[in-house]
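# Coordinates in review
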Amino acid sequence: MKRAEDGITAGKFEISDFEVDLGDKYAAYVFTLELEARKTGVFTARGLRLVRSGGGELYYHVGNWVFDVGEEGADAGLIDFSGSPAASSNAGEYAYSYAGLSLGAKLTRLWISEDTYVADEAGLPLEGRIPLPDENRPPVTYIRARLVLDTGEGKSVLYDNGCYCGAMAGAGETLAASERHWAEA
């Protein structure tokens, strides 16, 4: 797998306050970052390196970010992603719910990581759950699944809207679990 800096460019970013009471131990900020893919491929990042305009650098460990960048296409109308959850309380599975599959098309493969997918050439159900690997799994994982559809005239690759698996647990519980996880990683 290639490093994110080989194919992903970070554009402007913004850090702003986030009004939430997390007690005395934590502070919360909103970190907005615009990313642009320079080429197709699978890229990974474990942190963000910010270079200050006045000099110096800041490094933020972000876990394991994987960017699966496919070809830009006009196939977005083949399936409706609006029913899929944006977040769930279950860190151990990826839940999906699609609708509106175009006539004659079928979902044949659904990737949630480089090594984890479900496949059926006869067609997968448009709703389901995929277990996430237990090995070194963080308490919150963002997944934007890669779908392969057979249109009858060829294959189309699409990416769904994404889901934060495990993010709907209580904020204090999620932060404490994240702290333990990354201390052990």
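Further up the page is the structure itself.
Residues numbered from 1 in each chain as written. Predicted model: local features only at pLDDT ≥ 70, side-chain atom pairs only at ≥ 80, totals over all residues. Heavy atoms only, no water.

## Thoughts on the side chain of E93
Let me state the cut-off plainly: The way it works is that DSSP assigns letters per residue, a run of H or I at least four long becomes a helix, a run of E at least two long becomes a strand, and they are numbered from the N terminus. Per-residue accessibility, obtained with a 1.4 Å probe over protein chains only, is compared with the maximum for each type, and a residue is labelled buried under 20%, exposed over 50%, and partly exposed between these values. Within 3.5 Å is the distance limit for a polar contact, defined as a pair of N or O atoms, with the added protein rule that one can donate a hydrogen and the other accept it, and that residues adjacent in sequence qualify only through two side-chain atoms. Only heavy atoms matter for contacts: two residues are in contact if any of them lie within 4.5 Å across the pair.
Secondary-structure assignment places E93 in strand 7 (residues 93-97). Classification of E93 as buried rests on a relative accessible area of 18%. Only 3.4 Å separates the side chain of E93 from the side chain of N90, close enough to count as a polar contact. Ignoring anything within four residues of it in the chain, the contact list for E93 reads R129, I130, P131, L132 and C165.

## Brief notes about the nonpolar core
Generally speaking, nonpolar side chains in soluble globular proteins are found buried as a group. The criterion, for reference: The set of buried Ala, Val, Leu, Ile, Met, Phe, Trp, Tyr and Cys residues whose side-chain atoms join them within 4.5 Å is what this entry labels a nonpolar core.
The biggest cluster of nonpolar side chains holds 19 residues, and the ones touching the most others in it are I79, Y94, Y98, L110, I112, A145 and L147. The contact partners of A145, leaving out residues within four places of it in the chain, are Y94, Y98, L110, W111, I112, L158, Y159 and D160. Membership of the second largest hydrophobic core comes to five residues, among which are I8, F43, F67 and V69.

## So, the pattern of salt bridges
Close approach of charged atoms allows side chains of opposite charge to pair. Put simply, the rule is: For this analysis, a salt bridge means a side-chain nitrogen from Lys or Arg found within 4 Å of a carboxyl oxygen belonging to Asp or Glu.
Summed over the entire model, instances satisfying the criterion amount to four salt bridges. With its nearest N and O atoms 3.5 Å apart, the salt bridge here joins R146 to D68. Of this pair, R146 sits in strand 12 (residues 146-150) while D68 sits in strand 5 (residues 57-69), and the two are 78 residues apart along the sequence. By relative accessible area, D68 is classed as partly exposed at 31%. The partner of D150 in a salt bridge is K155, and the shortest N-O contact between them spans 3.9 Å. For D150, a relative accessible area of 18% corresponds to the buried category.

## Comments concerning the sheet that holds strand 14 (residues 163-165)
We apply this condition: A pair of strands is considered paired only if DSSP assigns at least 2 bridges between the two.
What the three strands build is an open sheet, ordered 6-14-11; its pairing is mixed. Edge strands, defined here as strands with exactly one partner in the open sheet, are strand 6 (87-88) and strand 11 (141-143). Sheet topology note: the strand 11/strand 14 ladder contains three bridges and is antiparallel. Residue pairing for strand 14: T141 is matched across the bridge by C165.

## A few points about the state of the cysteines
Definition in use: For the purposes of this analysis, a disulfide is any pair of cysteine sulfur atoms at a distance within 2.5 Å.
Under the counting rule described, the total for this entry stands at zero disulfides. Lacking any disulfide linkage, C163 is separated from the closest cysteine sulfur, that of C165, by 4.2 Å. According to the relative accessible area criterion, C163 is buried, its value standing at 1%. Given the relative accessible area of 0%, C165 is considered buried.

## Let's talk about the environment of S156
Mapped onto the elements of the fold, S156 is located in strand 13 (residues 155-159). Accessibility expressed as a relative area gives 6% for S156, which makes it buried. For the pair S156 and A105, spaced 51 residues apart in sequence, the C-alpha to C-alpha distance is 9.6 Å.

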